[in-house]
Amino acid sequence: MQSHLISFPASLRALWLRLRAAIDPGRANRDFSAELQSHLDMHIEDNVRSGMTLKEARRQALIQLGGFEQTQQAWRERNTLPMLETLCKDIQFGLRTMARNPAFTAVAILTLAIGIGVTATVFSWIDTVLLRPLGGVTDPQHLLTLEAVTANGAYIPNSYPDYRDFRDNLKLLDGIAVTHPAIFSIGKDDHAERAWGELVSGNYFAVLGVSPQLGRVFSPQEYSDKPGAFPIAVISDRYWRSHYNANPEIVGKTIRVNQHELTVVGIAPPAFHGSIPAEAFDLWVPYMEQPTLNGVDEWMLRDRGDRNMLGIARLRAGVTMQQAQAELAALAARMAIADADMDQGMSAILLPLWKSPHGPQGLLAGPLRILMGVCILVLLVVCANVANLLLARATVREKEFSTRLALGAGRGRLTRQVLTETLLLTASGAALGIAITPWMSRALQALMPPGQLSLSLDTPINLHVLAFAAGIGLLTTIAAGVFPAMQAGRTDLNTRLNEGGRSGLAGRGRHRLRSALVASEVALALVALVCAGLFAQGFAETSRIDPGFDPNHVLLSQFSLATNGYSLEQRKLFSRRLKAKLESVSGVTNVAYADGVPLGFEPSWWEDLQIDGYVPASGENMKTFRNVVSPGYLGLMHIPLLDGRDFNEQDDENSQPVMIVNQTFVQRFLGGGSVIGRRVHGWGQWFRIVGVAKDSKYHYPNESPVPYFYVPFRQIYRADMNLAFYVRTKLEPMTVLAALRSAVHEIDPSVTVFNPIPLKDYIGASLYPQKLAATLLTILGGLAVLLAAVGLYSVMAYAVAQRTQEIGVRMALGARPRDVLNLVVGQGLTLTGWGLAAGAVLAFGVARSVAAIEFTDSAMGSGAKLMGSPASNPAIYAGAALLLCAVGALAAYLPARRAASIDPMRALRTE
Amino acid sequence: MGDKPDVWQGTLALMVLKTLETMGPQHGYGIARRIEQTSGNLLSLNYGTLYPALLKLEQEGAISSEWGMSENNRKAKFYKLTRSGRKQLERAARDWEQATAIVGRFLSPAEEA
């Protein structure tokens, strides 16, 4: 019946009016009192008229009304939203309380802001790098990474022929596309600009489900495997706006890319940045343009060994990843047999996008995971701190609570009040924390290695991060507020009132709780410190590792001559001429060039070898890492030749192919005896070993020795290889940059020197994940110690203040200041001791699990450990414990000194 | 007074609306008295319960209120039916009659059978 009376808008209108009244209930309340009063007056008058005495008339009227107060209460409940009203009152009251204790409020809010801000920052990175699916694509959750797997289990990129087999044979996938991230130079000759882009299979946009905002993407006719047939490009929204002023007429026009004309067919939507999370690409060109744009020979597109394509697959609706994986594995197994010369023992695997070992994810996944852990640690310390502060304050407010309880306030009501106050604190802290998040995010970005990746990490605060921060804030509220709230609810009325607020003696339970909180803070700080110490040590150890070459005084610069339309022969000639020019520059001692740079970010390449006189075990991985180097490379790098000779200019295109191998290569494949003159087969031809080089580090500073070999630049260099140019000087490496630039300009004014960087800085990138972990952990560890110190100090200071009277009595009875000092500091140290004991156990466990975390970079992912040393370094534990003891002692000493200086008489008179 | 039934749950709003329709603008006390009279003093009405009900109807826009002078010159708040209140009354009355008719059929089944 009732429900028929209310139409929906009417009930909404009622809700709105109640909400409004809840915020300002005053006037309506006065109005209703008057109405009720007039009601009573009329009733009384009627009653008197019917012959009652005035007293009886009033009594009857009140009875019939059901009580003045009760009626008013029932009306008020209908007029407002009672829940909301009390909440408003709680908030108003909480704000007043906060304003009355500015020091407490400031410390609590700042502490919370730090904890929440740091956590939100790290989460926003995790969100950008690992969690957020690609922007601007359809159903990103159905996209998967497709990786080839080597016989020894490493994930590696795919080759174009692999892609064709996958594309043509897999039925459970809704398409598979491949991409090859590349640098392009766009524009004319000497004012060409560099841009990051992707060389992609024709179906790339179709598989990702990207629709252009203007023009078109690649059409099905352009999906073909015909080299050079489609000189077209799609450009990013960002590039379109920054370089073409968002002019729609660019569609259909040609732009000059790597000295070739490409027609812009469309503009990608603003949200689309390419197919690697957190990286921003500006240009997409069909991979089949490789021969035109980069001078890559057409046969290389058909070379299964040329693995430079990242695969992205779209799962067909209704198919599980396991089913697709099974189909892929079966196909890969067939391919491994059919193409045994190249793919023996290989397999393939589908991974969620964020597990891709390439790009930022592979690099940052490990450090970010650790960071998140540490953030949670810091957040726990923050919670313990705020809980402590609240507890201390709850004690001060005991009288207030007791009085309110005595006046009839419900315990639930008091509990809610305390929780509301905590919520206010955390909300303010969270707001402040979020406000500093972008700033901290930029600081984190500054720690990124220079120039290696084109990251689009201008992480704006998004809903994920906000929701996360809000969740963290809520959890903090509960964690930090629940103890004080419980205490408020438990306040024992009789004891409190009888003691007249002399609470220092009574709250034993509370005292224990606070002690536990302080001890746990110390424990958490110890964990943070120990981890920071271990990482810093690991970083220091790794940096001290001798890489086996000398990176000092070497200037490294990389050329992308292909983008200038150089043919292979022209590139080789350019390198030789540049080398000759530079060798005559004063101060330059060596000049060399090579394909790869050791300990860098670039992938390292290998060749499948057969070794004369070595019979591989069944399934043995004969893919061996290599570098293609010019004569003089080993000398420049100070890598000693142990036997034989270096390459020279006679090792050219027409002479017998030669090779230099490293010590581990010799030990593993060649046994004893002289190895000079032995034969090794690769690239379809036989090489003769002419030298043995000392082992050095190639991928990670702490890698174990790997077989490695060098081949001469003139004999093996191919169009798809890099060109890294090395100049060793007597002085600072950057001093020869001017000479390098002018030498390059003399040879060809249109070639620019890209990324000149001291080799020492460049290889620092290989330490990046460790550096990141060590730096941030040191910062966060310091923060944890600082917070623990604040917590310890505030609790000790508070405890002393509570015991003023007791200490006064002790001193009146003859205790000397020193005794008081000992007493208080002793208690502080006892708490610290308990915390340290618990923390040591915890830290050991945490360190052991963290030590297992690996990272990988875009080089072949032989998992490198983030933490260099085993988790149990007694010196680090002892050092951290000592530091915390000192902090604990100081935190206790300051209030103790104050206590010792108390005038006994004044202390006794307090209260 | 004790053995009189309380106003049935949910019918108070209907009674208020009908009262206002019959009597025109009326103050709370007057409405309470009128409901009691109309029931032939068979219903027990706690006058106080009327006010939350009036407030609810006013929040929903079925009635509006205004301060005015009572018959014996007292300041009192007068309630009157709004247009939407009139519609609400028609609908509620129809529903009520239908409901009582249905219940009535259950209680006197002999005629149909």
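Residues numbered from 1 in each chain as written. Chains lettered and ligands numbered in written order. Predicted model: local features only at pLDDT ≥ 70, side-chain atom pairs only at ≥ 80, totals over all residues. Heavy atoms only, no water.

K.L.:
Help me understand the overall build of chain B in this model?
P.N.:
For chain B, the count of helices and strands is four helices and three strands. Shown N-terminal to C-terminal, the secondary structure of chain B runs as helices and strands in the order α-β-α-α-β-β-α. Scored against the burial criterion, the 113 residues of chain B give a buried share of 44%. For chain B, the proportion of contacts with a sequence separation of at least 24, taken over those separated by at least 6, is 50%. A total of about 6,500 Å² of accessible surface is found on chain B, and carbon and sulfur atoms cover 53% of it. (Helix = DSSP H or I, 4+ residues; strand = E, 2+ residues; numbered from the N terminus. Buried < 20%, exposed > 50% of the residue type's maximum accessible area, 1.4 Å probe, protein only. Contact = heavy atoms within 4.5 Å. Areas by Shrake-Rupley, 256 points an atom, 1.4 Å probe, with all protein chains shown as cover.)

K.L.:
Teacher, can you tell me more about the overall build of chain A here?
P.N.:
Within chain A, the regular secondary structure consists of 31 helices and 26 strands. Taking all 911 residues of chain A together, the buried fraction comes to 53%. For chain A, restricting intrachain contacts to residue pairs at least 6 apart in sequence, the fraction spanning at least 24 positions comes to 81%. Of the roughly 38,300 Å² of accessible surface on chain A, 60% is carried by carbon and sulfur atoms.

K.L.:
What is the right way to look at the nonpolar core in this model?
P.N.:
Note that soluble globular proteins tend to have their nonpolar side chains buried in a common cluster. Residue and element names in this part refer to chain A. Formed by 72 residues in total, the largest nonpolar core has its most connected members in Leu368, Val378, Leu425, Val530, Phe535, Leu780 and Leu884. Here the element with the most residues in this core is helix H15 (residues 359-396); it accounts for 17 residues. Among the nonpolar cores identified, the runner-up in size contains 45 residues, and Ala233, Val257, Ile267 and Ala324 belong to it. (Core = buried A, V, L, I, M, F, W, Y, C linked by side-chain atoms within 4.5 Å.)

K.L.:
Explain the packing of aromatic side chains to me, please; I cannot follow it from the model alone.
P.N.:
How two aromatic rings sit relative to each other is set out by the distance from centre to centre and by the angle between their planes. A full pass over the atoms with the stated rule returns 29 aromatic pairs over all chains. Residues A:Tyr633 and A:Tyr726 carry aromatic rings whose centres are separated by 5.3 Å and whose planes lie at 75° to one another, so their mutual orientation is edge-to-face. With A:Tyr633 in helix H22 (residues 633-636) and A:Tyr726 in strand E23 (residues 723-729), this pair connects stretches of sequence that are 93 residues apart. An aromatic cluster is built from A:Phe559, A:Tyr566, A:Phe574, A:Tyr593, A:Phe713, A:Tyr717 and A:Phe725, whose rings are joined through pairwise contacts. Positioned over the ring face of A:Trp686 is A:Arg679, at 4.2 Å from the centre of the ring. In this structure, B:Lys75 is placed above the aromatic ring of B:Trp67, and the distance from its NZ or CZ to the ring centre is 4.6 Å. (Phe/Tyr/Trp six-rings, centres within 6.5 Å; stacked < 30°, edge-to-face > 60°. Lys NZ or Arg CZ within 6 Å of the ring centre and 35° of its normal.)

K.L.:
Which parts of the structure should I look at to understand the packing of helix H1 (residues 12-23) of chain B against helix H3 (residues 47-59) of chain B?
P.N.:
Two measures define how a pair of helices packs: the angle their axes make with one another and the distance between the axes. Residues and elements named next belong to chain B. In contact at an axis separation of 10 Å, H1 and H3 are set at 75° when each is read in the N-to-C sense. In terms of their interaxial angle, H1 and H3 are classed as roughly perpendicular. Of the residues in H3, those touching H1 at Leu12, Ala13, Val16 and Leu17 are Thr49, Leu50, Ala53, Leu54 and Leu57. The residue makeup of the contact of H1 with H3, split by class, is eight nonpolar, one polar and no charged. (Axes fitted to C-alpha atoms, helices over the stretch in contact; angles between N-to-C directions. Parallel < 35°, antiparallel > 145°, perpendicular 65-115°, else oblique. Nonpolar A, V, L, I, M, F, W, Y, C, P; charged D, E, K, R; others polar.)

K.L.:
Can you walk me through the side chain of A:Asp162 in this structure?
P.N.:
If you trace the backbone, A:Asp162 turns up in helix H8 (residues 160-169). When sequence neighbours within four positions are dropped, the list of residues in contact with A:Asp162 reads A:Arg304, A:Arg307, A:Met335 and A:Asp343.

K.L.:
Teacher, can you tell me more about the pairing of strand E20 (residues 679-682) of chain A here?
P.N.:
Residues in a regular strand point their side chains to alternate faces of the sheet. Residues and elements named next belong to chain A. As paired elements, strand E16 (residues 610-611) and E20 share two bridges and run antiparallel to each other. Bridged to Ile611 within E20 is Val680. Relative to strand E21 (residues 685-693), E20 runs antiparallel, the two being bridged by four bridges. Within E21, the residue paired with Gly682 across the bridge is Gln685. The turn joining E20 and E21, which pair antiparallel and follow one another in sequence, is formed by two residues; a positive phi near 50° is taken by Trp683. (Pairing = 2+ DSSP bridges.)

K.L.:
Would you explain the confidence of the model for chain B in this entry?
P.N.:
Detailed reading of the predicted coordinates is not advisable wherever pLDDT falls low. Per-residue confidence for chain B averages 84 on the pLDDT scale, and 87% of its residues sit at or above 70. For this predicted complex, the interface score ipTM comes out at 0.88, while the overall pTM is 0.63. (pLDDT = per-residue confidence, 0-100.)

K.L.:
Can you help me understand the layout of surface pockets in this one?
P.N.:
Space left empty within the atom packing is revealed by a probe, the size of a water molecule, rolled over the atoms. Considering only enclosed or pocket space, the second largest pocket measures out at about 560 Å³ in volume. Along the walls of the second largest pocket sit 16 residues, with A:Arg20, A:Ala21, A:Ala28, A:Asp31 and A:Asn79 positioned nearest its centre. Put simply, the parts of the chain that give the lining of the second largest pocket at least two residues each are helix H2 (8-23), helix H3 (26-49) and helix H5 (68-79) of chain A together with H3 and strand E3 (75-81) of chain B. Sort the elements by how many residues they give to the lining of the second largest pocket and H3(A) lands first, with four residues. Looking at the lining of the second largest pocket residue by residue, the classes come out as six nonpolar, three polar and seven charged. (1 Å grid on protein atoms, 1.4 Å probe; cavity = no way out; pocket = protein on both sides within 12 Å on 5 of 7 lines; lining within 4 Å. Points joined across faces, edges and corners; volume = space filled by probe spheres on them.)

K.L.:
Please clarify how the side chain of B:Thr19 should be interpreted in this entry.
P.N.:
Among the secondary structure elements, B:Thr19 is positioned in helix H1. Ignoring anything within four residues of it in the chain, the contact list for B:Thr19 reads B:Gly24, B:Ile31, B:Arg34 and B:Ile35.

K.L.:
When you look at helix H25 (residues 737-747) of chain A in this model, what are you seeing that I'm missing?
P.N.:
Side chains of residues three or four places apart in an α-helix project in the same direction, reflecting 3.6 residues per turn. All names here are of chain A. For H25, the full list of buried residues reads Leu737, Ala739, Leu740, Ala743, Val744 and Ile747. Within H25, the buried residues cover an arc of 160° as seen down the axis, which keeps them to one side. Facing away from the buried side of H25 by over 90 degrees, the exposed positions are Ala738 and Glu746. (Arc of directions from axis to C-beta.)

K.L.:
I tried to follow the interface of chain A and chain B on my own but got confused; where do I start?
P.N.:
Often, the extent of an interface is quoted as the loss of accessible area on bringing the components together. Each partner contributes to the interface: chain A provides 31 residues, whereas chain B provides 34 residues. When the two sides are added together, the surface that chain A and chain B hide from each other amounts to roughly 3,000 Å², 56% of it contributed by carbon and sulfur. At the junction of chain A with chain B, the criterion picks out four salt bridges. Here A:Glu45 ties to B:Arg74 by a salt bridge, and the two come within 2.5 Å at their closest N and O atoms. Our enumeration of links across chain A and chain B arrives at 15 residue pairs in polar contact (both at pLDDT 80 or more). With 13 residues, the top contributor of residues to the side of chain A that touches chain B is H3(A). (Buried area = accessible area lost by both parts, 1.4 Å probe. Salt bridge = Lys/Arg side-chain N within 4 Å of Asp/Glu carboxyl O. Polar contact = N/O pair within 3.5 Å; in protein donor to acceptor, adjacent residues only side chain to side chain.)

K.L.:
Is there a simple way to think about the pairing of strand E11 (residues 307-315) of chain A in this case?
P.N.:
Residue and element names in this part refer to chain A. Of all nine residues making up E11, nine are buried, and the element is well covered by its neighbours. For strand E1 (residues 143-149) and E11, the ladder comprises four bridges, and the chain directions are antiparallel. Directly across from Thr145, in E11, lies its bridge partner Ile312. Two strands pair when backbone bridges link them, and strand E3 (residues 158-159) and E11 are joined in this way by two bridges, in the antiparallel orientation. Each residue of the ladder has a partner; that of Asn158, found in E11, is Met309. For strand E4 (residues 173-186) and E11, the ladder comprises five bridges, and the chain directions are antiparallel. The residue bridging Val178 from the neighbouring strand is Gly311, located in E11.

K.L.:
What is the right way to read a positive patch on the surface from this model?
P.N.:
A cluster of basic residues, B:Arg83, B:Lys87, B:Arg91 and B:Arg94, forms a positive patch on the protein surface. As for its position among the elements, B:Arg83 is in helix H4 (residues 83-107). (Patch = residues over 30% accessible without salt bridge, like charges linked within 9 Å, V, L, I, M, F, W, Y side chains within 5 Å. Lys, Arg positive; Asp, Glu negative; His and termini not counted. Charge placed at Lys NZ, Arg CZ, Asp CG, Glu CD.)

K.L.:
Explain the UniProt feature "transmembrane region" (unreviewed entry) in chain A here, please?
P.N.:
All names here are of chain A. The positions UniProt marks with the feature "transmembrane region" (unreviewed entry) are residues 103-126, 370-391, 423-441, 461-486, 516-536, 776-800, 820-847 and 875-896. A distance of 34 Å separates the end C-alpha atoms of residues 103-126, which is 100% helix and 0% strand. This span, residues 423-441, is 100% helix and 0% strand, and a straight line between its end C-alpha atoms measures 26 Å. (UniProt positions renumbered as here; feature names shortened; annotations may be inferred.)

K.L.:
I keep staring at the sheet that holds strand E2 (residues 63-69) of chain B and nothing clicks. Help me out?
P.N.:
Sheets are built from strands paired through backbone hydrogen bonds, the pairs being either parallel or antiparallel. Residues and elements named next belong to chain B. Spatially, the three strands line up as an open sheet ordered E1-E3-E2, and their pairing is antiparallel. Two strands in the sheet have a free side with no partner beyond their single neighbour: strand E1 (26-27) and E2. In the packing of H3 onto the sheet, contacts are made with E2 and E3, and the angle to E2 comes to roughly 120°.

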